[in-house]
Amino acid sequence: KPLAPISREFLIVEDDIQKVESAVAETKQWVDKILCKLKLCPYTISLSRAAVGLESANVSPGPVRVHHCSKNILCKGYPMFFSAAAVLSRSFWEGVTELASISEEDVATSLLIAPS
């Protein structure tokens with residue numbers, strides 16, 4: 001499988017792109033059909049409008065970001081893969097740092113899809 005650099009220290013082994021795209025599409029449908037239409041999350045009215053009604057807490061509405069966590073990350077220089085827990089933790093913290101560094105109007109909330 002091809003390797004694509006994601007930082008100076010890590011390489012990512014590309015997941016099956018069709019599976020990733022399918023997982024993202026299914027998650028977006030779930031957000032629309034379950035969270036929004038059934039109003040399970042009172043602050044999400046669509047994929048493009050989340051954090052609605054939180055202006056009094058200084059939170060601006062914005063879209064939902066759906067991110068897929070790659071299950072295959074290889075440490076550059078080492079012939080071993082990280083554990084699934086380490087990869088998921090890294091993806092989680094990447095999402096946290098991204099949310100902290102961009103405006104709420106660009107991304108109000110984020111969903112991380114973890115592979116099985």
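Presented here is an overview of the structure given in this document. Source: prediction; values computed, not measured. (Residues numbered from 1 in each chain as written. Predicted model: local features only at pLDDT ≥ 70, side-chain atom pairs only at ≥ 80, totals over all residues. Heavy atoms only, no water.)

1. Overview of the overall build of the protein chain
Quick reminder of the rule: Secondary structure follows DSSP: runs of H or I at least 4 residues long count as helices, runs of E at least 2 residues long count as strands, and numbering of each begins at the N terminus. Contact between two residues is taken to exist if any of their heavy atoms lie within 4.5 Å; hydrogens are not considered. All accessible-area figures derive from a Shrake-Rupley calculation using a 1.4 Å probe, and residue coverage is judged against the displayed protein chains alone.
Within the protein chain, the secondary structure is distributed over two helices and seven strands. Each helix and strand of the protein chain, placed in order from N terminus to C terminus, yields the pattern β-β-α-β-β-β-β-α-β. The contacts of the protein chain with a sequence gap of at least 6 include a subset with a gap of at least 24, amounting to 56%. Surface accessibility of the protein chain: about 7,800 Å² in total, with carbon and sulfur atoms responsible for 59%.

2. A short note on the packing of aromatic side chains
Definition in use: Between rings of Phe, Tyr and Trp, where Trp is taken as its six-membered ring, a pair exists when centres lie within 6.5 Å; planes separated by under 30 degrees are stacked, by over 60 edge-to-face, and by other angles tilted.
What the rule picks out here adds up to one aromatic pair. Residues Phe92 and Trp93 carry aromatic rings whose centres are separated by 4.9 Å and whose planes lie at 80 degrees to one another, so their mutual orientation is edge-to-face.

3. Thoughts on the pairing of strand β5 (residues 64-68)
Threshold: A simple rule labels every residue: compare its accessible area, found with a 1.4 Å probe on the protein chains alone, to the largest value its type can have, and call it buried under 20%, exposed over 50%, or partly exposed in between. Two strands qualify as a pair provided that DSSP identifies no fewer than 2 bridges between them.
Taken across its five residues, β5 has four buried, putting it largely inside the fold. Bridge count between β5 and strand β7 (residues 109-113): five bridges; the pairing is parallel. The residue of β7 that forms the bridge with Arg65 is Ser110.

4. With respect to a nonpolar patch on the surface
We apply this condition: Candidate patch residues must exceed 30% relative accessible area and have no salt bridge, after which like charges are joined if within 9 Å and Val, Leu, Ile, Met, Phe, Trp or Tyr side chains if within 5 Å. Each reported salt bridge corresponds to a side-chain nitrogen of Lys or Arg within 4 Å of a carboxyl oxygen of Asp or Glu.
A grouping of Leu88, Phe92, Trp93 and Leu112 is seen on the molecular surface, where their side chains present a nonpolar patch of about 380 Å² in accessible area. The leading source of residues in the nonpolar patch is helix α2 (residues 84-101), at three residues. Position of Leu112 relative to the elements: it lies in strand β7.

5. Some remarks on helix α1 (residues 17-36)
An α-helix turns once per 3.6 residues; consequently, residues spaced three or four apart project the same way. Using the following cut-off: For a helix, the expected span equals 1.5 Å multiplied by the residue count minus one.
Compared with the 28 Å implied by 1.5 Å per residue over 20 residues, the 27 Å span of α1 between its first and last C-alpha is a close match. Taken together, the buried positions of α1 are occupied by Val20, Val24, Thr27, Val31, Leu35 and Cys36. The inward-facing, buried residues of α1 contact β3 (44-46), β5 and β7.

6. Some points on α2
Which entries qualify depends on this criterion: In this context, the arc is that of the directions from the helix axis out to the C-beta atoms.
Along its 18 residues, α2 runs 26 Å from first to last C-alpha, staying within 8% of the 26 Å computed at 1.5 Å per residue. Taken residue by residue, α2 has Val87, Arg90, Ser91 and Gly95 as its buried positions. The arc that holds the buried residues of α2, viewed along the axis, is 135 degrees, so those residues lie on one side. Exposed and oriented more than 90 degrees from the buried face of α2 are Ala85 and Ala100.

7. Brief notes about the pattern of salt bridges
Should the charged atoms of two oppositely charged side chains come close, the side chains can pair. Applying the stated criterion across every chain yields a total of three salt bridges. Between Lys37 and Asp32 there is a salt bridge whose closest N-O contact spans 3.4 Å. Under the relative-accessibility criterion, Lys37 is labelled exposed at 58%. What makes Asp32 partly exposed here is its relative accessible area of 32%. Between Arg65 and Glu98 there is a salt bridge whose closest N-O contact spans 3.0 Å. Note that Arg65 is positioned in strand β5 and Glu98 in helix α2, a separation of 33 residues in sequence. A relative accessible area of 28% places Glu98 in the partly exposed class.

Treat this as a map of the structure, not an account of what it does.
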